[in-house]
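# Structural features, examined
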Amino acid sequence: MSAMRSAERVHKAVGASLFWRAMWARAYPRLIGTQREMGWLLSETILPLLGTCGFVFVYKATGAPQEFIGFAVMGGVATAFWLNILWSMASQLYWDKDGGNLELYIISPAPLMSILLGMAIGGFVMAAVRGFSILIIASLLFQVGYQVSNLPLMLLIFFFTMAGLYGLGMMMASVYLAAGREAWHLSNALQEPIYLTSGMYFPVKALGAAVATIASALPLTLGLDGIRQLIFTTQTDIGFLAPEIELLLLIGLTVIFLSAARYSLRKLEEIGRREGRLIERRK
Amino acid sequence: MALVKPLGDLPFVRANPALRAFVIGAWLGWQIESNWARPLLFAIYAVARPLASALLLVIMYSVITNGATQEPLFAFIFIGNALYIVVSSVVSGISWAVIDDREHYRVMKQLHTAPMSYYSYLIGRGVARVGIGLTSFVITMLVGVVFFQLPIALNTINWGLLILASIVGIIAMQGIGVILGAITMQLASNLWFLGEGTIAALYLFAGAIFPLDVLPEALQPFGMFYPVTYWIELSRRALLGANAPTFHAMGAIPSETLLLILTGMALFMAIASYIVYRLSLHRAKEMGRLDMETSF
């Protein structure tokens, strides 16, 4: 007893401090994992890079202008982020459920939202390393030049594209909690269709105004369109909307997706508890 | 595929352990791929990816050529992409079967202690993927013919060449798939990368979505060592007949010669797959990797 009394009192994080610390604790394995498992970095950079090369060669075969090679390279960068959203954000809570971690998150005092934000921060860093590796390697391989016409606007568009995208990933993670074996197939099915509808490898304008408008619900669509307009200034007729408008829409999407993530997480946790699906493991 | 289970009850199938494992592998593979959803939902999932990848190429092509879909290059790209759906389904599918058995369902121990040949079982799992790949291929081609006026008609297809090339081509693909699956058994991390990475890398060298001439000169010969390149070229010729475009040096080689080369390669792959499988199985047992659960 006396030993217990004399032991230094442990400071218990509560409220905002608990949220902050839990968030970084969840981000930690992803940030450190990137350095410890270099094979992952290599494999997840090479796959989108090879896909990008394929699309570059299609453009070369059709005799496309050099800017379109740049479009394909930008698409390769976006692919790294989208794959990260699908496989390391949306599917993550489902995998955590399968591996037995989800029940530990739930019985700990940390808010689940902090876990999701931690996943997003760690995931963003992982994807950014891969994305920028693809950008550098592919740009050097295919001699793509960039001319930024408005750097602050481009950085703002990039920031809100990522914020909106990871907000969407957090929302999808909650929705996937309700999914059983479908989660895997859902992620698989959301790869190429999103490459198509978000205009990853071509200007989204080519899909027509109606489809492009619907596709704008995805932050990647607006982000890619805006950034392409700002760095490929010689192609004047590629934009769907003005970059300034796209930035405003991206801010709106970020707010919507983060709020929806919070709501859906609460709702699905409640349903999951009631139906006993939070700890079930269906193969 | 519903016919596969009764097939397993046939006396000559029951009497042959390798054949039995093959049939059961095919039946199980189909169940795993399809029984997680209602048939309609499964069909939507099965065609969503290939159709989207085909439309992606159509739009990329159309943006540059102002929609000149009557050009031979369009048919070349569209058909090549559709055929590669089968390739990726079979080749990466077998290594995924190994990952599923080991990491997801955790049944490697049971599969290897049961009185069956895991090699034949893996080929069976590959056959299930052939079914899915061919379904996606047919739907993608229908879209191409109906919406983009691909110059293909049932009476102009060289069915003999198509069927013969496809049987030989699928044997070669199964061989590659089993080799990748066997090597996957030895790995401790990044298991998924071998199959997916190979498929992505070979996409560049198979002459599927662009003629091999577009590749840097030093890389062009790689395509000639890959059986899938020959299968895609032969199938494209069989489907398009006189409309088949000729781009690469391969275009000058007669179909009979291409088929002969493909047959030789398929034979080589079939033998190599068995040898690699035996060696990999031994090595995986030695390293304790056969039933290792890595959560990767």
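Read on for a plain summary of the structure. (Residues numbered from 1 in each chain as written. Chains lettered and ligands numbered in written order. Predicted model: local features only at pLDDT ≥ 70, side-chain atom pairs only at ≥ 80, totals over all residues. Heavy atoms only, no water.)

### Some details on the overall build of chain B
Along its length, chain B carries 12 helices and 0 strands. Start at the N end of chain B and walk to the C end: the helices and strands fall as α-α-α-α-α-α-α-α-α-α-α-α. On C-alpha atoms alone, chain B measures out to a radius of gyration of 20 Å, which is about the 19 Å that the 2.2 N^0.38 rule sets for 296 residues. When its C-alpha atoms are laid out on the principal axes, chain B stretches across 60 × 45 × 40 Å. In chain B, the proportion of contacts linking residues at least 24 apart, taken out of those at least 6 apart, comes to 77%. Accessible surface computed for chain B: about 12900 Å², of which carbon and sulfur atoms make up 68%. Distance from the positive charge centre (16 side chains) to the negative charge centre (14 side chains) of chain B: 10 Å. (Helix = DSSP H or I, 4+ residues; strand = E, 2+ residues; numbered from the N terminus. Rg over C-alpha atoms; globule rule 2.2 N^0.38 Å. Contact = heavy atoms within 4.5 Å. Areas by Shrake-Rupley, 256 points an atom, 1.4 Å probe, with all protein chains shown as cover. Lys, Arg positive; Asp, Glu negative; His and termini not counted. Charge placed at Lys NZ, Arg CZ, Asp CG, Glu CD.)

### Brief notes about the overall build of chain A
For chain A, the helix and strand inventory stands at 13 helices and 0 strands. Counted from the first residue to the last, chain A has its helices and strands arranged as α-α-α-α-α-α-α-α-α-α-α-α-α. Over its C-alpha trace chain A gives a radius of gyration of 21 Å, about what one expects of a compact globule, namely 19 Å for 283 residues. Viewed in the frame of its principal axes, chain A has a C-alpha envelope of about 80 × 40 × 35 Å. Relative to its 283 residues, chain A shows a buried fraction of 54%. Considering only residue pairs separated by 6 or more positions, chain A has 82% of its internal contacts joining residues 24 or more positions apart. (Buried < 20%, exposed > 50% of the residue type's maximum accessible area, 1.4 Å probe, protein only.)

### Focus: the pattern of salt bridges
According to the stated counting rule, one finds 6 salt bridges over all chains in the structure shown. Between A:Asp237 and A:Lys205 there is a salt bridge; the shortest N-O distance is 2.8 Å. Remark: A:Lys205 occurs in the loop between helix H10 (192–197) and helix H11 (209–215) and A:Asp237 occurs in the loop between helix H12 (219–231) and helix H13 (243–275); sequence separation between them is 32 residues. Close ionic contact of B:Asp101 with B:Arg125 constitutes a salt bridge, the shortest N to O distance being 3.3 Å. Highlighted residues: B:Asp101 in helix H5 (residues 72–104) and B:Arg125 in helix H7 (residues 118–148), separated in sequence by 24 residues. (Salt bridge = Lys/Arg side-chain N within 4 Å of Asp/Glu carboxyl O.)

### Regarding the interface of chain B and chain A
In this complex, chain B contributes 38 residues to the contact, which on the side of chain A involves 39 residues. Overall, the association of chain B and chain A removes approximately 3500 Å² of surface from exposure, summing both partners, and the carbon and sulfur fraction of that is 78%. Applying the counting rule to chain B against chain A returns 1 salt bridge. Between A:Glu192 and B:Arg49 there is a salt bridge, and its shortest N-O distance comes to 2.7 Å. Along the contact surface separating chain B from chain A lie 1 residue pair in polar contact (both at pLDDT 80 or more). Looking at the side of chain B that touches chain A element by element, the count peaks at 13 residues for helix H4 (residues 39–65) of chain B. Here the residues of the side of chain B that touches chain A are counted per class, giving 28 nonpolar, 6 polar and 4 charged. (Buried area = accessible area lost by both parts, 1.4 Å probe. Polar contact = N/O pair within 3.5 Å; in protein donor to acceptor, adjacent residues only side chain to side chain. Nonpolar A, V, L, I, M, F, W, Y, C, P; charged D, E, K, R; others polar.)

### Overview of a nonpolar patch on the surface
Residue and element names in this part refer to chain B. Among the surface-exposed residues, Leu 154, Trp 159, Ile 163, Ile 167 and Ile 171 lie close enough to one another that they form a single nonpolar patch of about 520 Å² accessible area. Examined against the element boundaries, Ile 167 turns out to sit in helix H8 (residues 159–186). Classification of Ile 167 by relative accessible area gives partly exposed; the value is 48%. (Patch = residues over 30% accessible without salt bridge, like charges linked within 9 Å, V, L, I, M, F, W, Y side chains within 5 Å.)

### Quick word on helix H9 (residues 191–205) of chain B
For H9(B), the full list of buried residues reads B:Leu191, B:Gly195, B:Gly197, B:Thr198, B:Ile199, B:Ala200, B:Leu202, B:Tyr203, B:Leu204 and B:Phe205. As for H9(B), its buried residues are in contact with helix H3 (38–61) of chain A together with H4, H5, H8, helix H10 (220–224) and helix H11 (227–240) of chain B. One or two positions beyond H9(B), positive phi appears at B:Gly207, with a value near 65 degrees.

### Overview of the packing of H8(B) against H9(B)
Residue and element names in this part refer to chain B. It is at 8 Å that the axes of H8 and H9 come closest, and there the two elements cross at 160 degrees. One finds that H8 runs roughly antiparallel with respect to H9. Two packed elements cross with a definite hand, and for H8 against H9 that hand is right-handed. Each of Leu 180, Ile 183 and Thr 184 in H8 lies in contact with H9, whose residues at this interface are Leu 191, Leu 194, Gly 195 and Thr 198. Residues belonging to the contact of H8 with H9 are distributed by class as follows: 4 nonpolar, 3 polar and no charged. (Axes fitted to C-alpha atoms, helices over the stretch in contact; angles between N-to-C directions. Parallel < 35°, antiparallel > 145°, perpendicular 65-115°, else oblique. Left-handed = near helix turned anticlockwise from the far one by under 90°.)

### What about the side chain of A:Glu246?
All names here are of chain A. The topology assignment puts Glu 246 in helix H13. With no salt bridge to any partner, buried Glu 246 finds its closest opposite charge in Arg 228, at an N-O distance of 9.5 Å. If near-sequence neighbours (up to four positions away) are discounted, Glu 246 is found in contact with Leu 222, Asp 225, Gly 226, Gln 229, Phe 240 and Leu 241.

### Overview of the packing of aromatic side chains
Taken as a whole and judged by the stated rule, the model has 25 aromatic pairs over all chains. Between A:Tyr59 and A:Phe68 the ring centres are 5.5 Å apart and the planes differ by 65 degrees, which places this aromatic pair in the edge-to-face class. Owing to a relative accessible area of 6%, A:Phe68 belongs among the buried residues under this scheme. Each ring, one from B:Phe74 and one from B:Phe78, has its centre 5.8 Å from the other, and the planes form 40 degrees; the classification is tilted. You can see B:Phe74 and its partner B:Phe78 sitting in helix H5, 4 residues apart, about one turn around the helix. (Phe/Tyr/Trp six-rings, centres within 6.5 Å; stacked < 30°, edge-to-face > 60°.)

### Observations concerning unusual backbone geometry
All names here are of chain B. The backbone of Asn 66 sits at a positive phi, close to 55 degrees, despite the residue not being glycine. Here Asn 66 falls in the exposed class, since its relative accessible area comes to 72%. Phi at Arg 106 is positive, roughly 55 degrees, even though this residue is not glycine. If you trace the backbone, Arg 106 turns up in the loop between H5 and helix H6 (108–113). A residue is classified by how much of its surface remains accessible, and Arg 106, at 37% relative accessible area, is partly exposed.

### Some thoughts on helix H7 (residues 112–142) of chain A
Along its 31 residues, H7(A) runs 44 Å from first to last C-alpha, staying within 8% of the 45 Å computed at 1.5 Å per residue. In the segment just after H7(A), A:Gln143 is the residue with positive phi, at about 50 degrees. (Expected span 1.5 Å × (residues − 1).)

### Comments concerning the environment of A:Leu241
Residue and element names in this part refer to chain A. Along the chain, Leu 241 falls in the loop between H12 and H13. A relative accessible area of 26% places Leu 241 in the partly exposed class. Considered as a pair, Leu 241 and Pro 111 are 130 residues apart in the sequence and their alpha carbons are 38 Å apart. Among residues more than four places away in sequence, those in contact with Leu 241 are Leu 222, Asp 225, Gln 229, Glu 246 and Leu 249.

### Details of the nonpolar core
Counting residues in hydrophobic clusters, the biggest one holds 154 residues, and the most contacted among them are A:Trp82 and B:Tyr84. Once residues lying within four places of it in the same chain are set aside, the contact partners of A:Trp82 are A:Leu165, A:Leu168, A:Met172, A:Leu190, A:Gln191, A:Ile194, A:Tyr195, A:Met200, A:Leu218 and A:Leu220. (Core = buried A, V, L, I, M, F, W, Y, C linked by side-chain atoms within 4.5 Å.)

### Some details on the side chain of B:Glu233
Residues and elements named next belong to chain B. Along the chain, Glu 233 turns up in helix H11. For Glu 233, a relative accessible area of 10% gives the class buried. If near-sequence neighbours (up to four positions away) are discounted, Glu 233 is found in contact with Met 250, Gly 251 and Leu 258.

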